Amino acid sequence: MKKITNTVLAIVLSSSCAVLNAQVKKQDSAKTTSIEGVVVTALGIKREKKSLGYASQEVKADKLFDGTTNTGNIASQLSGKVAGLQVNTNSNFGGSSNLVIRGIKSLGGANPLIVIDGSPVNNSSTYDTRTNQDMGNLLSDINQDDIASVNILKGAAASALYGERGLNGVIVITTKNGKGGNDTSWGVTLSSSIQAGFIDKSTFPKYQTRYGAGYAMKFKETAADGTPYVNLGDDASWGPEFNPNLLVYQWDSFDPTSKNYKKATPYVAAKHGPIDFFETPVTYVNSISLEKGKKGNNFMLSYDNMLSNGLMPNSDLRKNTLSTKINYDLTDKLHATVYSTLVMQQTRGRNDANYTGNLVGGFRQWWQTNVDITDVRDAYYRSGELNKSWNLKGATNPITAYWNNPYYQRYQSYGTDDRTRSFSYAQISYDFNKNFILTGKVSYDNASTIFENRLAPNSVPKAFGASQKVVSAGFSRQNLITSEANYDLFLNYKFDITKDINVSGIVGGNVRRNYYNSIYASTEGGLETPGLYALANSKAPILPPDENVYSTVTSSAYATTSFDFYKFFYLDATFRVDNSSTLPKGNNVYTYPSFTGSFILSEFIKPSWLSFWKVRANYAEVGGTADPYQLQFYYSYAGLFNNNIVMQNSQTILPNPNLKPQRSKEFEFGTEVQFLKGRISLDAAFYKTKTFDQILQLPISAGSGLNFAMVNAGQIDNKGVEVQLGLVPIKTDNFSWNMDINWSKNENKVIELLHNATSDVSNYLLTSIQGGASVNATEGEKWGTIRGSDYTYDNNGNKIVDAKGFYKLNGNQIIGNTTPDWIGGVRNSFTYKGVSLSFLIDVRKGGDIFSTDMYYASSTGLYVDTAQGDYRTAKVVLPGVTQNGQPNTVAIDASVNGNLGYQKRPTIDYVYDGSFVKLREASIGYALPKTLLQGTFINEAKISIVGRNLWIIHKNLPYADPESTLGGGIRGYGYSIGSLPTTRDIGINVTFKF
């Protein structure tokens, strides 16, 4: 991987530099005052970028969206474009994307704060642990057509003004203002796109076609006439070798609607495998926007409609977004802004993102290669949409064993979710004079979602609903409401101390109120009337609904001061104090300072080839508060005993009435340089972060009667380097070539967990993985250690085998780590007159992945590597030594299922390097010349062909995409299980402006 990725980058860079050298004689004009430009920072403050003493990176809307298909989630479209920003996407339909800035700082992981026009919005990921479905993160509710730019505030100094919410960095989104024609006429923009996805076959299993159903290489049952039955109940393909001349009774021999009913058919590999189960996902996006006005008085109204279907049958997403923004000067001194967006989304048929009941997991792990998926489909429709399974218990008991008919499961047992999301703010500012501006602002973010899940009658029994009892039918419903209100009042000030020295800043306060309300209920014991999905149709009395309601309040005051000395030295300081309702009195008031400085060296060093040079440094502190109800015991209803005694659920977590806020301290040093009139630009940063007093649930002695305790513990250190490089190799009147390159490396280490008189914790379990592995935070290691079994070695490094010839395993060892070594991206953009071309190479080096798919498939015999040569028939002597150091000579029988599989191999054999090199985006567009549009009502017209995930140039994880994890949060790191294949998405965009 190292050789390949370094070669790719070296070729791109060296060719660029060669062309650049040939072009340096071209004269451009640039001024220091305009080189850096203006960016939007914390609290919506506009600053000259050259004055900033911290790292930030702005991505304009055209670079964010124009070169790719519409993913429906702007988080995924940031991948590969920002130094220090790791984007973890997945292939779940409507699923989440994790964002990590400068490494994991909290043991439990966390996403950065999202801010729209200075107002925070909720970006939590929703994962239903009862249905195992990834509901996506709320950043997907933001309409990309409303966005003007995205500015990533990377470090603590940049985000300190957000106090407890700035720990993981901030992503500042600035929305567009309305702008009509020069004659104040209306401006109208119409855009339409269609895109389709085509499966990248390297991200789905390649099945062997040599062996059929079974866990043993012989038929277990034979009919009275001597004809064998396929090993019906075995959901594996380690069975007898195929023989077209051999007739056998297969699953459809038991289907009265099949032409093969009671007939034996040739024992051959299926013509159509599970890859034919998937459909072609198509997405339609249509939008219209109306604009009018000029600076100070403008209006924008937009409507966006997205219709999309997924890879899986019976999956679709419908989203409508309506937005408006009004800027209006009530007087010369009084200015008002109102923005509001409403999103209505309905989703059906999200895929399961876990082990149990995951159809794609079945295709990847438990399948018979003699089963034709089109025959399974036809059986479903022929039978009147009944559960005609391919996986029967046996010839004498032909009922469903482990797996439903996949079409029955998709069309009958599916979930739906309807979400209505609104975000609005109103702001009014008054200019007292040139020195003072007073601003008041109110913002409100509300999301209301209804989740419904169906388990169709006669399904394979599974744990379901509130009681998690095993049933074969059921219905559940959850109503979830979340809201956040922010009230801000702040005073901007600015003074000229002397002609060349001025001071500016903000003094203000904020009150934030968060509300959460969840009600969950389900049927019990199945459905009284099949097909009627309602709580009232429960066969047994339902349990009382699970209700969870809380409100939190955080009150804050903040102040900033910025000194400008002669336009070459800038010194800033910020201070914020928070008062949190979720911490105990005495610990609930805490402060966050920051100090930054920047020095413009190019004001003193002025060679002709140097356009701009700045050095900067900063120090800051940020942190975080506790979740609600961590300070004292609380109880939930557990039902009635003898119909009259109320029972409460037992407690498992010891609360902590002395919790403190967690803290993070960071130092950063950086430089920005531009050469040759801006043809070369470089932004580099080095940072060190220490995060401590984290709020955790850590295990305690079971003798206490409890399992966990809430504590302040744990320290994680991060340090790293970020580099952004901009090149303009060619620039003429008609042609230009621009390159944007970013690279970052973060080194992460868990310094300490908890060691005191009552607890000794050196490992913190983050999540357990099906297959015997887990993801952890381990003292002395990078966050995200993968633990499992390894080989046992002697002092010479030889693997030790036991007396039976199998490897001796050593459990609970560190066998990998999910954290990447480095990430980077290279974007090339070309323009020639009205033609534009761009492509983005996205790279991740390192970051291990445990594959549950490969773990089980090694024994179920699905993949081609288990059927090569004499792999299944030979006697194998495993390389290694005996306990006394002698070479192993004991042969094992490879034909016995499991002898070469996970039952005898350590989990380390299923850990893979998660590196990848991808052609993430590519586009080609053509803008019609203005001369052709003269005399028409069209001002601009453009058509583009765009693509996303077009080519995985390199990866090490077999049969899956290294990015395709289970979902948001912790579930997005370190393991691959039953993930959907990745699609190559290609689309056409058409835009008209009137």
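Residues numbered from 1 in each chain as written. Predicted model: local features only at pLDDT ≥ 70, side-chain atom pairs only at ≥ 80, totals over all residues. Heavy atoms only, no water.

Participant: For the overall build of the protein chain, give the residues involved together with the corresponding values.
Facilitator: Looking only at helices and strands, the protein chain features 9 helices and 59 strands. Relative to the 2.2 N^0.38 estimate, which gives 30 Å for 994 residues, the radius of gyration of the protein chain is 31 Å and therefore close to what a compact globule would have. Taking all 994 residues of the protein chain together, 56% fall into the buried category. Within the protein chain, contacts between residues at least 6 apart in sequence are counted, and of these 70% link residues at least 24 apart. Total accessible area on the protein chain is roughly 41,500 Å²; 56% of this is exposed by carbon and sulfur atoms. Looking at charge distribution, the protein chain has the averaged site of its 95 positive side-chain charges lying 3 Å from that of its 84 negative ones. (Helix = DSSP H or I, 4+ residues; strand = E, 2+ residues; numbered from the N terminus. Rg over C-alpha atoms; globule rule 2.2 N^0.38 Å. Buried < 20%, exposed > 50% of the residue type's maximum accessible area, 1.4 Å probe, protein only. Contact = heavy atoms within 4.5 Å. Areas by Shrake-Rupley, 256 points an atom, 1.4 Å probe, with all protein chains shown as cover. Lys, Arg positive; Asp, Glu negative; His and termini not counted. Charge placed at Lys NZ, Arg CZ, Asp CG, Glu CD.)

Participant: Hey, could you go over the nonpolar core for me, with residue numbers and the actual values?
Facilitator: By size, the foremost hydrophobic cluster in this structure holds 69 residues, and its most contacted members are Leu107, Phe278, Trp783 and Phe850. Core analysis: the second largest hydrophobic core is formed by 25 residues, Leu78, Val82, Ile114 and Ile152 among them. (Core = buried A, V, L, I, M, F, W, Y, C linked by side-chain atoms within 4.5 Å.)

Participant: Mind laying out the sheet that holds strand β48 (residues 785–791), listing which residues take part and the relevant values?
Facilitator: Read across the open sheet, the 4 strands follow the order β46-β47-β48-β49; overall the sheet is antiparallel. Either end of the sheet is taken by a strand with one partner, and the two such strands are β46 (763–769) and β49 (809–817). Neighbour to neighbour, the strand axes of the sheet diverge by 40 degrees on average, direction disregarded. (Pairing = 2+ DSSP bridges. Axes fitted to C-alpha atoms, helices over the stretch in contact; angles between N-to-C directions.)

Participant: Can you explain the packing of aromatic side chains? Please cite residues and give values.
Facilitator: All chains considered together, the criterion is met by 50 aromatic pairs. Aromatic pair Phe436 and Phe495: ring centres 5.2 Å apart, planes at 75 degrees, arrangement edge-to-face. One end of the pair, Phe436, is in strand β24 (residues 436–455); the other, Phe495, is in strand β27 (residues 474–496), and 59 residues separate them in sequence. Classification of Phe495 as partly exposed rests on a relative accessible area of 33%. Aromatic side chains Trp743 and Trp822 sit 6.3 Å apart centroid to centroid with 45 degrees between the ring planes, which places their arrangement in the tilted category. With a gap of 79 residues between them, Trp743 in strand β43 (residues 735–752) and Trp822 in strand β50 (residues 820–832) connect regions that are remote in the sequence. Under the relative-accessibility criterion, Trp743 is labelled partly exposed at 30%. Every member of this aromatic cluster is reached through a ring pair, and the members are Phe204, Tyr207, Phe277, Phe278, Phe363, Trp367, Trp390 and Tyr407. Stacked on the ring of Tyr791, the Lys or Arg Lys799 has its end atom at 4.0 Å from the ring centre. (Phe/Tyr/Trp six-rings, centres within 6.5 Å; stacked < 30°, edge-to-face > 60°. Lys NZ or Arg CZ within 6 Å of the ring centre and 35° of its normal.)

Participant: So what's going on with the sheet that holds strand β40 (residues 694–699)? Residues and values would help.
Facilitator: Read across the sheet, 3 strands follow the order β37-β41-β40 without closing on themselves; strand pairing throughout is mixed. Both outer strands of the open sheet, β37 (653–654) and β40, are each paired with one neighbouring strand and no more. Sheet topology places β37 next to strand β41 (residues 708–713); 2 bridges connect them, and they run parallel. Of the residues in β41, the one forming a bridge with Ile653 is Phe708.

Participant: How would you summarise the environment of Leu78 if you had to cite specific residues and measurements?
Facilitator: Checked against the element boundaries, Leu78 lands in the loop between α3 (61–65) and β4 (85–88). Residues Leu78 and Arg130 lie 52 residues apart in sequence; the distance between their C-alpha atoms is 31 Å. Setting aside residues no more than four positions away along its own chain, Leu78 makes contact with Leu64, Leu85, Val87, Val150, Ile152 and Ile171.

Participant: Can you lay out helix α6 (residues 373–382) for me, pointing to particular residues and giving the numbers?
Facilitator: Burial in α6 covers these residues: Ile373, Thr374, Val376, Ala379 and Tyr380. If you follow the buried residues of α6, they end up packed against α5 (359–365) and α7 (406–412). Just downstream of α6, Gly384 is the residue with a positive phi angle, here 80 degrees.

Participant: Provide a residue-level description of the pattern of salt bridges, including the pertinent values.
Facilitator: Inspection of every chain in the model, using the stated rule, returns 44 salt bridges. In this structure, Lys60 and Glu58 form a salt bridge, with 3.6 Å as the shortest nitrogen-oxygen distance. We note a salt bridge from Glu921 to Lys81, for which the minimum N-O separation is 2.9 Å. Here Glu921, found in strand β56 (residues 916–927), pairs with Lys81, found in the loop between α3 and β4; they are 840 residues apart in sequence, far enough to count as distant. The same class applies to Glu921 and to Lys81, which are both buried. Each of the salt bridges in this network shares a partner with another, and the network as a whole consists of Lys49, Arg102, Lys154, Lys614, Arg616, Glu666, Glu668, Glu672, Asp683 and Glu722. (Salt bridge = Lys/Arg side-chain N within 4 Å of Asp/Glu carboxyl O.)

Participant: Mind laying out the pairing of strand β22 (residues 397–400), listing which residues take part and the relevant values?
Facilitator: The pairing of strand β21 (residues 392–394) with β22 spans 2 bridges and is antiparallel. By the bridge assignment for β22, Gly394 is matched with Asn397. The antiparallel hairpin formed by β21 and β22 contains 2 residues in its connecting segment.

Participant: Give a description of helix α8 (residues 852–860) that names residues and reports values.
Facilitator: Among the 9 residues of α8, 9 are classified as buried, and the element is accordingly described as predominantly covered. Every buried residue of α8 is accounted for by Thr852, Asp853, Met854, Tyr855, Tyr856, Ala857, Ser858, Ser859 and Thr860. Looking at the buried side of α8, the elements it contacts are α5, β46, β52 (848–851), β55 (911–913) and β58 (975–976). Looking one or two residues beyond α8, the residue adopting positive phi is Gly861, at roughly 70 degrees.

Participant: Could you give me a rundown of unusual backbone geometry, with the residues and numbers involved?
Facilitator: With phi around 65 degrees, Lys567 is a residue other than glycine that occupies positive phi space. Examined against the element boundaries, Lys567 turns out to sit in the loop between β31 (546–565) and β32 (569–580). Of note, Leu676 is a non-glycine position whose phi angle comes to about 50 degrees, a positive value. Relative to the helices and strands, Leu676 is located in the loop between β38 (662–675) and β39 (680–692). Residue class for Leu676 comes out partly exposed when judged on its relative accessible area of 26%.

Participant: How would you summarise the environment of Tyr328 if you had to cite specific residues and measurements?
Facilitator: Its place among the elements puts Tyr328 in strand β19 (residues 316–329). Tyr328 sits 31 residues away from Asn297 along the chain, and the two C-alpha atoms are 4.4 Å apart. With residues up to four places along the chain from it excluded, the contact list for Tyr328 reads Gly296, Asn297, Leu334, His335 and Ala336.

Participant: Outline the environment of Asp717, listing residues and values.
Facilitator: You can see Asp717 is positioned in strand β42 (residues 715–731). Given a relative accessible area of 24%, Asp717 falls into the partly exposed group. For Asp717 and Gln651, which are 66 residues apart along the polypeptide, the C-alpha to C-alpha distance reads 33 Å. For Asp717, the residues in contact, after removing those within four places along its chain, are Thr689, Lys690, Thr691, Glu747, Asn748, Lys749 and Ile751. In terms of polar contacts, Asp717 uses its side chain to reach the side chain of Gln715, at 3.0 Å. (Polar contact = N/O pair within 3.5 Å; in protein donor to acceptor, adjacent residues only side chain to side chain.)

Participant: Summarise the side chain of Lys81; cite the residues concerned and give the values.
Facilitator: Residue class for Lys81 comes out buried when judged on its relative accessible area of 10%. There is a polar contact of 2.9 Å between the side chain of Lys81 and the backbone oxygen of Gln77. When sequence neighbours within four positions are dropped, the list of residues in contact with Lys81 reads Gln57, Lys63, Leu64, Asn742, Arg827, Leu840 and Glu921.

Participant: Report on the pairing of β50, specifying residues and quantitative values.
Facilitator: A large share of β50 lies buried, amounting to 10 of its 13 residues. Alignment of β43 against β50, held across 10 bridges, turns out to be antiparallel. Opposite Asn742, over in β50, you have Gly825 as the bridge partner. As judged from the 12 bridges shared by β50 and strand β51 (residues 835–846), these two strands associate in the antiparallel manner. Looking at β51, one finds that Tyr832 is bridged to Val835. If you look at the hairpin formed by β50 and β51, you'll find 2 residues sitting between the two strands, and Lys833 has a positive phi there, around 50 degrees.

Participant: Residues and numbers for the side chain of Thr866, please.
Facilitator: Mapping Thr866 onto the fold places it in the loop between α8 and β53 (875–877). The class of Thr866 is buried, set by a relative accessible area of 3%. Looking at Thr866, its side chain comes within polar contact range of the main-chain oxygen of Tyr863, at 2.7 Å. The contact partners of Thr866, leaving out residues within four places of it in the chain, are Gln208, Trp238, Ala857, Ser858, Gly861, Tyr871 and Arg872.

Participant: Describe the confidence of the model for the protein chain, with residues and values.
Facilitator: Overall, the predicted model of the protein chain reaches an average pLDDT of 88, with 94% of residues at or above 70. Below a pLDDT of 50 lies the segment residues 1–35, which in the model reaches 56 contacts outside its immediate sequence neighbourhood of four places, other chains included. (pLDDT = per-residue confidence, 0-100.)

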